[in-house]
Amino acid sequence: MILMLAGAPAFAHTGAVPANPSPSPSASPTTQAKPVEFKLEKLSHHAYCLYGRGGNVGFLVTDAGVVVVDDQYEEVAQGIVDQIRSVTDRPIRFLVNTHYHGDHTGGNPVFIKMAEIVAHDSVRPRLLEYPETINKTFPDRKQRLQKEIDAIQDAADPYRVALEKDLGLLDFMLKSALGFDPAKAAPPIVTFDGRMSLWLGGEEVDVVHVAPGHTDGDSMVYFAKEKVLHMGDLFFNGIYPFIDTLGGGSARGYVTNIDQILTMVPPDTKVIPGHGPVTDVATLRRFRSFMYDLIGAVETAVKAGRSKPEAVRSIRMDQYPEIKPTYRTLGNEIIAIYDEVAAAR
Ligand SMILES: [Zn+2]
């Protein structure tokens, strides 16, 4: 999720995750330590997944041009174009941003020169206005969090560990927002709510927004003829997801989105997650079960009158050993869900 940047929380690689799954929730940082190593995977006759740095890129090649889903960071965007050029010389016609996070939209300034950028209605204001909100509100938020951390003596306490990770995330978002220039943001110029379709070279591309999940402007993109689905960050394969509650996200929305998309795609669909390796519908269903069960465990804790720290200290999800912590611990998930569940009561 988080790009290696001074002050960014450390990201622990897991064997299950190719390349660097680094969903940074804000504007594109400007420094990179190493050149990116791309890995291109052909998924069907005309659809590909490209792993690089940041969110996974999907693209569809048609006779009438190329549709790209997500564009990682500005620094690697030309590399993404070159990778697409290695399989086709057709023009890049559309770029879909699955949500506003900088590791999925950072390449927009490069792609805007060649493609129409499409996203849910919420993505445009998030890209243009949210950095200012972060600048105004996050310093106070950080202070409050730091106080809460300081009040817990035991450095190994899972609740304290989770709060420290949240603090690191706020810090990273603030650093990214400080350098943000709205004139260079290249936000989407075609926005929609609900659903839209792109028709290109005999292919149908469905762009679907159901409900706030990872953020308040998530899209899932389905290449219908190819039976290839890009979930954006509504699916992290093999790692705990990030529920961007400050960006309008919702844990319950994750389940709602997955349930809805599963009614639209056949069981042999190939699934590109926002982060982690390409997989199948069965693994997406398993991730949905993980979210559902975790929400259920938190609901039980809230109903039993347990506090948030108590919930973090007591809930385990050992029945899902394949879904691992990275820069997010289970505690971070529980904190986000606890607030959502408690607010709804
Ligand atoms: Zn994201």
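Conventions adopted
- Residues numbered from 1 in each chain as written.
- Predicted model: local features only at pLDDT ≥ 70, side-chain atom pairs only at ≥ 80, totals over all residues.
- Heavy atoms only, no water.
- Pairing = 2+ DSSP bridges.
- Helix = DSSP H or I, 4+ residues; strand = E, 2+ residues; numbered from the N terminus.
- Axes fitted to C-alpha atoms, helices over the stretch in contact; angles between N-to-C directions.
- Phe/Tyr/Trp six-rings, centres within 6.5 Å; stacked < 30°, edge-to-face > 60°.
- Buried < 20%, exposed > 50% of the residue type's maximum accessible area, 1.4 Å probe, protein only.
- Lys NZ or Arg CZ within 6 Å of the ring centre and 35° of its normal.
- Contact = heavy atoms within 4.5 Å.
- Donors = N, O, S within 2.8 Å, 3.2 Å for Na, K, Ca; no water.
- Tetrahedral: all angles 85-135°; square planar, octahedral: opposite > 155°, others 65-115°.
- Expected span 1.5 Å × (residues − 1).
- pLDDT = per-residue confidence, 0-100.
- Parallel < 35°, antiparallel > 145°, perpendicular 65-115°, else oblique.
- Left-handed = near helix turned anticlockwise from the far one by under 90°.
- Nonpolar A, V, L, I, M, F, W, Y, C, P; charged D, E, K, R; others polar.

Undergrad: Quick question: what am I supposed to make of the sheet that holds strand S7 (residues 190-192) here?
TA: Whether parallel or antiparallel, the strands of a sheet pair through hydrogen bonds between backbone atoms. Here we have seven strands laid out as an open sheet, ordered S1-S2-S3-S4-S5-S6-S7, and mixed in their pairing. Of all strands in the sheet, those with a lone pairing partner are strand S1 (39-42) and S7, marking the two edges. Strand-to-strand twist in this sheet, taken as the mean axis angle between neighbours without regard to direction, amounts to 20 degrees. Both strand S2 (residues 47-51) and strand S3 (residues 57-62) contribute to a ladder of four bridges, which runs antiparallel. Each residue of the ladder has a partner; that of Leu50, found in S3, is Val57.

Undergrad: Would you mind showing me how to read the packing of aromatic side chains here?
TA: For any two aromatic rings, the description comes down to two numbers: the centre-to-centre distance and the angle of the planes. Applying the stated criterion across every chain yields a total of six aromatic pairs. Considering the side-chain rings of Phe235 and Phe287, the 5.2 Å spacing of their centres and the 50 degrees angle between planes classify their relative orientation as tilted. Linking Phe235 in the loop between strand S11 (228-230) and helix H6 (251-262) with Phe287 in helix H7 (residues 281-303), this pair joins segments that are 52 residues apart in sequence. Of the two residues examined, Phe235 and Phe287, each falls in the buried class. Aromatic pair Tyr240 and Phe290: ring centres 5.7 Å apart, planes at 10 degrees, arrangement stacked. Of this pair, Tyr240 sits in the loop between S11 and H6 while Phe290 sits in helix H7, and the two are 50 residues apart along the sequence. Ring-pair connections join several aromatic residues into one group, and the members of that group are Phe235, Tyr254 and Phe287. Directly above the ring of Tyr292 sits Arg288, whose terminal nitrogen or CZ lies 4.8 Å from the centroid.

Undergrad: Which parts of the structure should I look at to understand the environment of Met317?
TA: Looking at the secondary structure, you find Met317 in the loop between helix H8 (308-314) and helix H9 (330-344). With relative accessibility at 6%, the residue Met317 sits in the buried group. Once the C-alpha coordinates of Met317 and Ala297 are considered, the two residues, 20 residues apart in sequence, prove to be 9.1 Å apart. Sequence-distant contacts of Met317, defined by excluding residues within four places in its chain, comprise Phe290, Asp293, Leu294 and Leu330.

Undergrad: Is there a simple way to explain the coordination of the zinc ion in this structure?
TA: Think of it this way: four donors in a tetrahedron around the metal ideally sit 109.5 degrees apart, and six in an octahedron ideally sit 90 or 180 degrees apart. For the zinc ion, the full set of protein donor atoms is His99 (NE2), His101 (ND1), His214 (NE2) and Asp233 (OD), at a range of 2.1 to 2.2 Å. Each of the four donor atoms bound to the zinc ion contributes to angles spanning 89 to 170 degrees, and the resulting shape is irregular. The motif formed by the donor residues of the zinc ion, counted along the single chain, is H-x1-H-x112-H-x18-D. Of the two residues, His101 sits in the loop between strand S5 (92-96) and helix H2 (102-105) while Asp233 sits in the loop between S11 and H6, which places them 132 residues apart along the sequence. On the accessibility criterion, His101 (0% relative accessible area) is buried.

Undergrad: What am I meant to see in H7 here?
TA: Residues spaced three or four apart along an α-helix point in a common direction, a consequence of the helix completing one turn every 3.6 residues. End to end, H7 covers 33 Å across 23 residues, agreeing with the expected 33 Å (1.5 Å per residue, within 8%). All of the buried residues in H7 are Val281, Leu284, Phe287, Phe290, Met291, Leu294, Ile295, Val298, Ala301 and Val302. Check the buried side of H7 and you find it contacts S11, H6, strand S12 (270-272), strand S13 (279-280), H8 and H9. A positive backbone phi angle near 80 degrees is found at Gly305, which sits one or two residues after H7.

Undergrad: I would appreciate a short explanation of the confidence of the model for the chain in the present structure.
TA: As a general rule, the predicted coordinates of low-pLDDT regions are not to be interpreted in detail. Averaged over every residue, the pLDDT of the chain is 90; residues scoring 70 or more account for 90%. Within the model, pLDDT remains below 50 along residues 1-31, and this stretch shows 113 contacts once partners closer than five positions in the same chain are excluded.

Undergrad: Honestly, the packing of H7 against H9 in this entry has me stumped. Any pointers?
TA: A pair of packed helices is captured by two measures, namely the crossing angle of their axes and the spacing between those axes. Packing of H7 against H9 brings their axes to within 9 Å, and their N-to-C directions diverge by 60 degrees. As the angle between them shows, H7 and H9 are arranged oblique. You can see that H7 and H9 cross each other, and the crossing is right-handed. Each of Phe290, Leu294, Ile295, Val298, Glu299 and Val302 in H7 lies in contact with H9, whose residues at this interface are Leu330, Glu333, Ile334, Ile337, Tyr338 and Val341. The residue inventory of the contact of H7 with H9, partitioned by class, reads 10 nonpolar, no polar and two charged.

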